[in-house]
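Chains, contacts and geometry: an overview
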Amino acid sequence: MFAVVRTGGKQYRVAAGDKIVVEKIEGEAGASVTLGDVLLAGEGSELKDVAGLTVAAEIIAQAKGEKVIVFKKRRRHNYRRRNGHRQNHTILKIVSVG
């Protein structure tokens, strides 16, 4: 069975046993979380009712993403700014759907 869940402003298609990387969710490694915003669920090509459906997941790790360089420049004005940013994210393992 699969489900499409929304977390952190993005949508993910998940099934039991999947590992996904999402925006930071509060909690320690090993803690379990419930993703309640299920948009779609089904098995094969059949869709199921999503009323009251939740997805159980376990936090594997809290980590940081790759560094993104932000470079600003205005030509002929001797203006250059260089900043770096690493976004926090959470790695989840889907335990069950439903």
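Structural data are supplied above this passage.
Fair warning: this is a prediction, and the values are worked out from it, not measured in the lab.

Its location among the elements puts lysine 72 in strand S8 (residues 68–74). For the pair lysine 72 and arginine 82, spaced ten residues apart in sequence, the C-alpha to C-alpha distance is 6.6 Å. Those residues in contact with lysine 72 that lie beyond four places of it in its chain are Tyr79, Arg80 and Arg81.

Glancing now at the pattern of salt bridges. Throughout the structure, instances matching the rule amount to two salt bridges. Across the pair arginine 6 and aspartate 37 runs a salt bridge, and its minimum N-O distance is 2.9 Å. Here arginine 6, found in strand S1 (residues 2–7), pairs with aspartate 37, found in the loop between strand S4 (32–35) and strand S5 (38–43); they are 31 residues apart in sequence, far enough to count as distant. When the shortest N-O distance is used, the salt bridge between glutamate 23 and lysine 10 registers 2.7 Å. Pair noted here: glutamate 23 is in strand S3 (residues 19–23) and lysine 10 is in strand S2 (residues 10–15), with a separation of 13 residues, a long-range link.

On to the sheet that holds S3, then. In space, the four strands of this open sheet follow the order S3-S10-S7-S4, with antiparallel pairing throughout. What marks the edges here is a single partner per strand, and that holds for S3 and S4. Strand-to-strand twist of the sheet, defined as the mean angle between neighbouring strand axes without regard to direction, takes the value 45 degrees. The pairing of S4 with strand S7 (residues 55–64) spans four bridges and is classified as antiparallel. Counted as the bridge partner of threonine 34 is alanine 56 from S7.

Each value, and the rule that gives it
Residues numbered from 1 in each chain as written. Predicted model: local features only at pLDDT ≥ 70, side-chain atom pairs only at ≥ 80, totals over all residues. Heavy atoms only, no water. Helix = DSSP H or I, 4+ residues; strand = E, 2+ residues; numbered from the N terminus. Contact = heavy atoms within 4.5 Å. Salt bridge = Lys/Arg side-chain N within 4 Å of Asp/Glu carboxyl O. Pairing = 2+ DSSP bridges. Axes fitted to C-alpha atoms, helices over the stretch in contact; angles between N-to-C directions.

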